[in-house]
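Summary of the model geometry
Listed here are the chains, written in short residue letters.
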Amino acid sequence: MSKPDISRAKSAALYEKAKTYFPGGVNSPVRAFKSVYGTPLFIEKGDGSHIWDADGNEFIDFCCSWGPLILGHNHASVRNKVMEVMQNGMSFGAPTALENELAELILTNNKFIEKIRFVSSGTEAVMSAIRLARGYTKRDKILKFEGCYHGHTDALLVKAGSGLVTFGETSSAGVPKAFADETIVVALNDKEALQKAFEEFSGQIAAVIIEPVPANNGLLLQTQDYLTFLLEICTRNGTMLLFDEVISGFRIGFEGAAGYYGIRPDIITYGKIIGGGLPVGAYGASAEIMDHISPVGSVYQAGTLSGNPVAMAAGIAQLTELLQPGFYQELEAKTTGFVNSVREFVAQRGYAVKVFTIGSIFWFAFTDQDTIRTADEIDPNSMLKFKAMHRELINRGIYLGPSGYEVGFISSAHTTDDLDRTKTAIFDSLDIVFELNSTI
Ligand code: PLP
């Protein structure tokens, strides 16, 4: 039986007010709940794996601020470190020892990069890394994949046209066509398209950028073979391979996807987890490549709040926890157990649902297919089922990101009890979704 909708009166009033201040009432579009039912929930508090909205509704949270909160909300060591550092001031625009400390923590535990530069968001990290690749190779074109998201920088707000290898078409007003013309777009998991792109634009491609774990348009897991091919074709063509690990970095292991697949890209970008919930991004590479960045090199990049001490403090505290022995194994085991229970349930019921997972990331796909590796394999109509499930879950105290294209995250704060309650809620919700099947 469908549950009655929770009260959202206070969230709704806040949203009405927000609409007078911000375009669409939000400061980032997906928060507007356009793809699911109801007004966006205004969150008041988070603790561990739970969040509370303005109406006092409590939820088990699987959005985790879109990934950064791998320790859950308001983790004591992150909070304490931030509060300690804040006593001394919040920004100096001058170097601090905290930047060294976070860099050392990362570089001594990640063999894939030798030097790093801190910035303030994932978008900024990617934008800077692209400039570095162009400056280093002295080439202009970049190649991206349909179904990967890399933030809202102009060169990457492009989508595929209708051929095997296409120049990007801008996916946002305001992106000059001339910028999109420098971005080639191909499908994921398609060696032929990649080969063709390298033939067509021989000697022109500065960088190939990929989310090695594509997690922004469903979870489009790539094969080891394909990622290895990618590295080889880039190496053969003098093109830099750029792993965008804003989601996968420190999530599927401390060394992210590079460590997971054992592939050394030329440049890696990070965000989300690296900042412990505060605004931090970063990009890193070999010392030789990184020394092309200003002030030693000719590629300019800067930031007033880059390496901000409070953000560094949060990152130091969070990453220190991640380095505890067994951290990732435990988190992955918890996720696998959860995912397997759902898989067993849907198999028993014969529902067309697949749960894809890697590390502590999971994604529900309303499909019969055993693998989904490209964006065009996702049926847009299946999102109606997600929408119905999202509503049922919200009404049962479970918070998933408000779009069926978004993945879910499990944190170390999620308890067995949380996951048991979530499973029950998912089973009940799926029963309702598939009962309604004929009308969806
Ligand atoms: N790259 C990837 C893979 C992302 O998932 C995101 C954001 O979700 C970004 C870049 C942009 O990061 P930010 O939202 O911090 O600018």
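To start, this report covers the structure provided alongside it. Numbers given for residues are sequential positions, taken from 1 along each chain in its written order. Where totals are concerned, whole chains, interfaces and linings use all residues; where local detail is concerned, this predicted model gives features only for residues with pLDDT of at least 70, and gives and counts side-chain atom pairs only at 80 or more. With hydrogens and water stripped out, all remaining heavy atoms of the structure feed into the side-chain values.

**What to know about the overall build of the protein**
Note the following rule: The helix and strand labels rest on DSSP assignments: H or I over at least four residues marks a helix, E over at least two residues marks a strand, and numbering proceeds from the N terminus. Only C-alpha atoms enter the radius of gyration, while the globule expectation follows 2.2 Å times N to the 0.38, with N the number of residues. To sort residues, take the accessible area from a 1.4 Å probe on protein chains only and compare it with the maximum for the residue type: under 20% means buried, over 50% means exposed, and anything in between is partly exposed. Per-residue accessibility takes into account occlusion by the displayed protein chains alone, with areas from the Shrake-Rupley method and a 1.4 Å probe. Only four residue types enter the tally: Lys and Arg on the positive side, Asp and Glu on the negative side, with His and both chain ends excluded. Charge positions come from single atoms, namely NZ of Lys, CZ of Arg, CG of Asp or CD of Glu.
The secondary structure content of the protein amounts to 13 helices and 17 strands. For the protein, the C-alpha radius of gyration of 22 Å lies close to 22 Å, the compact-globule estimate for 440 residues. Expressed as lengths along the three principal axes of its C-alpha atoms, the size of the protein is roughly 60 × 55 × 45 Å. Taking all 440 residues of the protein together, the buried fraction comes to 55%. Surface summary for the protein: the accessible area is close to 18,600 Å², and the carbon and sulfur share equals 51%. Of the charged side chains in the protein, 38 are positive and 50 negative; the average position of the first set lies 3 Å away from that of the second.

**Brief notes about the sheet that holds strand 9 (residues 183-187)**
Short version of the rule: Pairing between strands is defined by DSSP: at least two bridges between them are needed. Contacts are assigned to residue pairs with any non-hydrogen atoms lying within 4.5 Å of each other. Lines fitted to C-alpha atoms define the axes, with helix axes restricted to the stretch in contact, and inter-axis angles between N-to-C directions lie between 0 and 180 degrees.
The strand order across the open sheet built from 8 strands is 4-13-12-11-10-5-9-7, with neighbouring strands paired in mixed fashion. Of all the strands in the sheet, just strand 4 (115-119) and strand 7 (166-167) have a single pairing partner and so form its edges. On top of the sheet, helix 4 (residues 122-137) reaches strand 4, strand 5 (141-146), strand 10 (205-210), strand 11 (240-244), strand 12 (267-270) and strand 13 (281-285); it is set at about 165° to strand 12, its chief contact.

**Structural notes on the sheet that holds strand 14 (residues 354-358)**
One open sheet accounts for 3 strands, arranged 14-15-17; its pairing is antiparallel. Only two strands of the sheet have a single neighbouring strand rather than two, namely strand 14 and strand 17 (408-409). Alignment of strand 15 (residues 361-365) against strand 17, held across 2 bridges, turns out to be antiparallel. When the bridges of strand 17 are listed, Phe362 appears paired with Gly408.

**A look at the pattern of salt bridges**
Two side chains bearing opposite charge may form a pair once their charged atoms approach each other closely. Note the following rule: Only one rule defines a salt bridge in this text: a Lys or Arg side-chain nitrogen within 4 Å of an Asp or Glu carboxyl oxygen.
All told, the structure shown has 12 salt bridges when counted by the stated rule. Between Lys354 and Asp370 there is a salt bridge, with the nearest N and O atoms lying 3.2 Å from each other. Here Lys354, found in strand 14, pairs with Asp370, found in the loop between strand 15 and helix 12 (383-395); they are 16 residues apart in sequence, far enough to count as distant. Here Lys354 falls in the partly exposed class, since its relative accessible area comes to 24%. On the basis of relative accessibility, which here comes to 61%, the residue Asp370 falls in the exposed class.

**A few points about helix 7 (residues 224-236)**
The following threshold applies: Multiplying one less than the number of residues by 1.5 Å gives the expected span of a helix. As used here, the arc belongs to the directions running from the helix axis to the C-beta atoms.
Spanning 13 residues, helix 7 covers 18 Å between terminal C-alpha atoms, matching the ideal 18 Å at 1.5 Å per step. Within helix 7, the full set of buried residues consists of Tyr226, Leu227, Phe229, Leu230, Ile233 and Cys234. In an axial view of helix 7, the angular spread of the buried residues amounts to 155°, which keeps them on one side of the axis. Exposed residues on helix 7 whose side chains face more than 90 degrees from its buried face are Thr235 and Arg236. Of the residues flanking the end of helix 7, it is Gly238, one or two places downstream, whose phi is positive at about 65°.

**Let's talk about the environment of Cys148**
Relative to the helices and strands, Cys148 is located in the loop between strand 5 and strand 6 (158-159). Among the residues examined, Cys148 registers a relative accessible area of 7% and is labelled buried. When the C-alpha positions of Cys148 and Ile210 are compared, they lie 6.7 Å apart, and in sequence the two are 62 residues distant. Residues in contact with Cys148, not counting those within four places in the same chain, are Leu188, Ile210, Glu211 and Pro214.

**A look at the packing of aromatic side chains**
Worth spelling out the cut-off: Any pair of Phe, Tyr and Trp rings, taking the six-membered ring for Trp, is counted once the centres come within 6.5 Å. Such a pair is stacked with planes under 30 degrees apart, edge-to-face with planes over 60 apart, and tilted for the rest. Our definition puts a charge over a ring when NZ of Lys or CZ of Arg is within 6 Å of the ring centre and also within 35 degrees of the ring normal.
Summed over all chains, the structure comprises 17 aromatic pairs. Their ring planes at 65° and their centres at 6.1 Å tell us that Phe345 and Tyr351 sit as a pair that is edge-to-face. The two residues Phe345 and Tyr351 agree in class, both being buried. Pairing Phe362 with Phe364 gives two aromatic rings, centres 5.8 Å apart and planes at 85°, and the pair type is edge-to-face. One aromatic cluster in this structure is built from Phe345, Tyr351, Phe366, Phe427 and Phe434. Lying across the ring of Trp52, Lys45 places its NZ or CZ 4.5 Å from the centre.

**Structural notes on empty space enclosed by the protein**
Here is the rule: Here a cavity means grid points, on a 1 Å grid over the protein atoms only, where a 1.4 Å probe fits yet cannot get out; a pocket means an open set of points with protein on both sides within 12 Å along at least five of seven lines; lining residues are those with an atom within 4 Å of a point. Grid points are joined across faces, edges and corners, and a volume is the space filled by probe spheres set on the points. Residue polarity is assigned by list, with Asp, Glu, Lys and Arg as charged and Ala, Val, Leu, Ile, Met, Phe, Trp, Tyr, Cys and Pro as nonpolar; anything else, Gly included, falls into the polar class.
All chains considered together, the criterion is met by 1 cavity of 30 Å³ or more. Roughly 70 Å³ of volume is contained in the largest cavity. Lining the largest cavity, in full, are Phe362, Trp363, Phe364, Phe386, Leu400, Gly401, Ser403, Gly404, Glu406, Val407 and Gly408. Here the element with the most residues in the lining of the largest cavity is strand 15; it accounts for 3 residues. In terms of residue class, the lining of the largest cavity is made up of 6 nonpolar, 4 polar and 1 charged.

**With respect to the environment of Ile293**
Tracing the backbone through its elements, the reader meets Ile293 in the loop between helix 9 (287-290) and helix 10 (309-322). Remark: the alpha-carbon pair of Ile293 and Arg131, spanning 162 residues in sequence, is separated by 9.5 Å. Setting aside residues no more than four positions away along its own chain, Ile293 makes contact with Arg117, Leu132, Tyr283, Val299 and Gln301.

**Observations regarding the side chain of Asp418**
What counts is decided by this rule: Residues adjacent in sequence count toward polar contacts only when both atoms are side-chain atoms; beyond that, a polar contact is any pair of N or O atoms within 3.5 Å, and within protein one must be able to donate a hydrogen and the other to accept it.
Along the chain, the position of Asp418 falls in helix 13 (residues 416-435). With no salt bridge to any partner, buried Asp418 finds its closest opposite charge in Arg421, at an N-O distance of 4.7 Å. Here Thr415 takes part through its backbone nitrogen, which lies 2.9 Å from a polar atom of the side chain of Asp418. With near-sequence residues (within four places) excluded, Asp418 lies in contact with Ser49, His50, Ile60 and Ala413.

**Thoughts on the packing of helix 11 (residues 327-349) against helix 13**
The cut-off we apply is this: The cut-offs work like this: below 35 degrees is roughly parallel, past 145 is roughly antiparallel, 65 to 115 is roughly perpendicular, and the gaps in between are oblique. By the definition used in this description, the sense in which the near helix is turned from the far one sets the handedness, with an anticlockwise turn below a right angle giving left-handed and a clockwise turn giving right-handed.
Closest axis-to-axis distance for the helix 11/helix 13 pair is 11 Å, and the angle between their directions is 25°. Relative to helix 13, the element helix 11 lies roughly parallel. As helix 11 runs across helix 13, the sense of the crossing is right-handed. Side by side, helix 11 and helix 13 meet where Lys334, Phe338, Ser341, Val342, Phe345, Val346 and Arg349 of the first sit next to Leu419, Thr422, Lys423, Ile426, Phe427, Leu430 and Asp431 of the second. Residue composition of the contact of helix 11 with helix 13, by class: 8 nonpolar, 2 polar and 4 charged.

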